[in-house]
Amino acid sequence: MTNPEAQQQAQQSVSEAEPQAESQDRPEEARSAEEAQATERLERAVRAAEQALIEFEIAVETFRVEVENFSRLHHQRLGPMYSRLDELDALIAEAVAERTGDPEDQRRAREARGLVQPMPGVEELFHGWIDSDGLSPEAAAMLTEKPVQPPPRVRPSEEARRIYRDLARKAHPDLAEEEAERERRGAFIVRVNAAYAAGDVETLRALAEEWEAGPPPPERRAGRSEELYARLEWLAERKEMLAAVAAELESSAIGAMIKMAPEDPDGLLDEIAEQLLAQVSEKEARLAELAR
């Protein structure tokens, strides 16, 4: 037979123990909630850093392409003029030395001659219109009144820039955490960069369709706090490396020239060409006077 007094004491003991057990569970639940919130904050920080890094990489790559294209056109269009100016400086110095016979003038003439680069080939002098096989296709088309292929642009078209940015934001390797996916994205972005550098809009459109039709990027799985911190550190190191690349591009001679006319680099080339032609005319006139 159950003792009523003992039963009452047992019930009281259970009632007293329940609040204590609840008080022990609450700190554990609170700690779990705090850890979940901290992990969520870290994930948001990582996602924001990833997007910021991608935007920075897009800007650096865009500027790199512009620097490369501008450098190529600068050399193609202005290289022969610079060579002609060096040659005229040497001829003037030699004419002066021959007239005066002064040892110092002769030394200057030797130095000027030493600075002269080899004369450019026919292709350079005629900006690609004539090569070793004769007239180029563009020149032939011009003479036969057929459509002429437009000259290469200093920068890709706005549509090419738009498609490139969209693809870089979607398919960038930095968005992948698995090595296999990073390699797949890396190989794809190499093709995107090549098409962008060439200003090939059709290829960029095809690549955009290919990416949309391909497997979707793997879903981001929540990682441990240590993994997220390591990811943030890697993103920071990557950004530092890109900042160094950007600084090197901006400090280069071509980069500085582009910064002088960021909206119209083609016009800047025309302006420099006019200045060089004026200098060539002045030096040729000076040489003619010395030859009298």
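Below you will find a few notes about this structure. (Residues numbered from 1 in each chain as written. Predicted model: local features only at pLDDT ≥ 70, side-chain atom pairs only at ≥ 80, totals over all residues. Heavy atoms only, no water.)

What follows concerns the nonpolar core. Counting 21 residues, the largest nonpolar core has Phe-70 and Leu-78 as its most contacted members. Of all the secondary structure elements, the ones that give two or more residues to this core are helix H1 (4–100), helix H8 (225–251), helix H9 (253–260) and helix H10 (265–291). The leading source of residues in this core is H1, at nine residues. In terms of nonpolar packing, the next biggest core, distinct from the first, is built from 18 residues, Tyr-164, Val-192, Tyr-196 and Leu-207 among them. (Core = buried A, V, L, I, M, F, W, Y, C linked by side-chain atoms within 4.5 Å. Buried < 20%, exposed > 50% of the residue type's maximum accessible area, 1.4 Å probe, protein only. Helix = DSSP H or I, 4+ residues; strand = E, 2+ residues; numbered from the N terminus.)

All right, on to the packing of helix H5 (residues 158–171) against helix H6 (residues 179–197) then. Two quantities define a packed helix pair, namely the angle between the helix axes and the distance between the axes. Where H5 meets H6, the axes come as close as 10 Å, and the angle between the chain directions of the two elements is 170°. Regarding the angle of H5 to H6, the classification is roughly antiparallel. Contacts between H5 and H6 pair Ala-160, Arg-161, Tyr-164, Leu-167, Ala-168, Lys-170 and Ala-171 from the former with Arg-185, Phe-188, Ile-189, Val-192, Asn-193 and Tyr-196 from the latter. A class-by-class count of the residues in the contact of H5 with H6 yields nine nonpolar, one polar and three charged. (Axes fitted to C-alpha atoms, helices over the stretch in contact; angles between N-to-C directions. Parallel < 35°, antiparallel > 145°, perpendicular 65-115°, else oblique. Contact = heavy atoms within 4.5 Å. Nonpolar A, V, L, I, M, F, W, Y, C, P; charged D, E, K, R; others polar.)

Here we take up the packing of aromatic side chains. A ring pair, where both rings are aromatic, is described by two values, the distance of the centres and the angle of the planes. If you walk through the whole model with that rule in mind, you get two aromatic pairs. Taking 5.2 Å as the distance between ring centres and 40° as the angle between the ring planes, the aromatic pair formed by Phe-188 and Trp-211 counts as tilted. Pair noted here: Phe-188 is in helix H6 and Trp-211 is in helix H7 (residues 201–213), with a separation of 23 residues, a long-range link. For the pair Phe-188 and Trp-211, a shared accessibility class is recorded, and that class is buried. Here the basic side chain of Lys-239 rests over the ring of Phe-56, its NZ or CZ set 5.9 Å away from the ring centre. (Phe/Tyr/Trp six-rings, centres within 6.5 Å; stacked < 30°, edge-to-face > 60°. Lys NZ or Arg CZ within 6 Å of the ring centre and 35° of its normal.)

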